[in-house]
Structure formats: structure tokens, C-alpha cells
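Structural description and commentary
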Amino acid sequence: MNNDATVVLFSGGQDSTTCLYWAKTKFKKVYALCFYYEQKHAREVEIACSLAEEAEVEFHQMDISFMAGLTRNSLTDSSVRMDEDKPDGSLPNTFVPGRNLFFLTIAAVFARERKINHLVTGVSQTDFSGYPDCRDLFIKSLNVTLNLAMEEQFVIHTPLMWIDKAETWALADLLGVFELIRNNTLTCYKGVPGDGCGKCPACKLRREGLNKYLSLNSEK
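Attention in this report is confined to the structure presented alongside it. (Residues numbered from 1 in each chain as written. Predicted model: local features only at pLDDT ≥ 70, side-chain atom pairs only at ≥ 80, totals over all residues. Heavy atoms only, no water.)

1. Quick notes on the overall build of the protein
Scanning the protein from terminus to terminus reveals seven helices and five strands. Helices and strands appear in the protein in the N-to-C order β-α-β-α-β-α-β-α-β-α-α-α. For the protein, whose C-alpha radius of gyration is 17 Å, the value lies close to the compact-globule estimate of 17 Å for 220 residues. When the backbone C-alpha atoms are referred to their principal axes, the protein occupies close to 45 × 45 × 30 Å. Across the 220 residues that make up the protein, the buried fraction comes to 52%. Partitioning the intrachain contacts of the protein with sequence separation of at least 6 by distance along the chain shows that 71% fall at a separation of at least 24. Accessible area of the protein: about 10500 Å², with a carbon and sulfur share of 50%. Looking at the protein, you have 24 positive and 28 negative side-chain charges, and the mean spots of the two groups are 1 Å apart. (Helix = DSSP H or I, 4+ residues; strand = E, 2+ residues; numbered from the N terminus. Rg over C-alpha atoms; globule rule 2.2 N^0.38 Å. Buried < 20%, exposed > 50% of the residue type's maximum accessible area, 1.4 Å probe, protein only. Contact = heavy atoms within 4.5 Å. Areas by Shrake-Rupley, 256 points an atom, 1.4 Å probe, with all protein chains shown as cover. Lys, Arg positive; Asp, Glu negative; His and termini not counted. Charge placed at Lys NZ, Arg CZ, Asp CG, Glu CD.)

2. So, the packing of helix α1 (residues 14-26) against helix α2 (residues 43-55)
Running from amino to carboxyl end, α1 crosses α2 at an angle of 25°, the nearest separation of the two axes being 11 Å. What the angle tells us is that α1 and α2 run roughly parallel. Of the two elements, α1 crosses α2, and the hand of that crossing is right-handed. Every residue of α2 that contacts α1 at Thr17, Leu20, Tyr21 and Lys24 is listed here: Leu51, Glu54 and Ala55. (Axes fitted to C-alpha atoms, helices over the stretch in contact; angles between N-to-C directions. Parallel < 35°, antiparallel > 145°, perpendicular 65-115°, else oblique. Left-handed = near helix turned anticlockwise from the far one by under 90°.)

Keep in mind that these numbers describe shape and distance, not what the molecule does.
See the structure below:
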């Protein structure tokens, strides 16, 4: 297997773009793997392709639109009104069951065919929006499962797992891509690039982190 290469799960959002540039500092060859699953903010695929080209990494897109027919959630079903705040005691309806499970499993197969055993994903337990498939325990469990399922030694890297959104902005700044990520990425669930719509859960989390980071910087 190739320890000089990695596959980054890449949506073109703040987190995955930060991880893409992080991966470029760690590996000689970086593949950006993007997924289309009939998400309403599908413009992210186009933006991800453009960002990967700018980063000079190889871009691949996978169509897994079958996911949209498996469950009702506000990211793939236009009849479901999106939660603007996380409901007490329940999962937000922006949660797509199985999404990271599918993404990482497909990425592992994609990597194996290229003799790569490193995967990178931008999940975070600190700012995980209530999604169970962003937790460290899930990632560690799936890592073991993938290794057993394919008789390989995959390593799933999670550079953002224990940092919050303000620290993610700080990492982007350290990597020299703060302005690119602020202006050119698409994190918004409603498909608005840059600072986004300001109302969806993803935009609120991103904005809170940005304001915190800018505030901390202004105090220095």
C-alpha cells in the first residue's frame, strides 16, 4: 500500500477544504473524492471540483443518489422543512442516516484499488451538530471494520476531530487558505457560497466560529 498518498472526502465546504490543504502538507499525492446524493445544496459538487483544481489535486465524483430514496431528511427531500435549531432530545432533520458510513466505505474501496491506505475526513466531535456519525467512536469503529472487511490497514485521519470551528478557522489561516475558504467554499445547506444564508445550522455554526476567531485575533 502507498503511504505517500491519501483520499480526502471532499464536499467543497469549510471543513473538507481545510482538510484538503492539511493533507497536501502531509502527503505527496492527494485525491479529492466528492459525493452526489441528491443533496439540495448540490452546487457543492461544482464548487468542490473548482476548489480541487485550484489546489492542484486529482478530483473524482461518485454518484450515490440512491441514498435519497432511503430516508426522509431536509437535505435531500424538498418537502421537509429544515430545522434551523437542533431539536431537544432528538436528531436534527438535517441528519442523513448512513451518510458518513457510505462515504467512508466507498472511499476505502476507491483507495484500495489505488493501493492507498490513508483516508481523510473533516468530521468533528467538538462541533458535530448532533450527528452520531461524526463522533470519534464511530470513526475508530469503522476503521477497524474496514480493515477487517478488506484485509487492509486503512488509517482514517480526522484533523478536526477535537477542535471547534474557531480553531478550524485558525488552522485554515495557518495553512494560508483563510480567504479562499471564507469566500470560495460552500458550507450552506441552502447552497449559498461564502458566508452563506446565515440561517441554516451549518451557516450558524460556521459564523459563530468565524466571529470567535476574529474576536480572538483582534485581542492579540
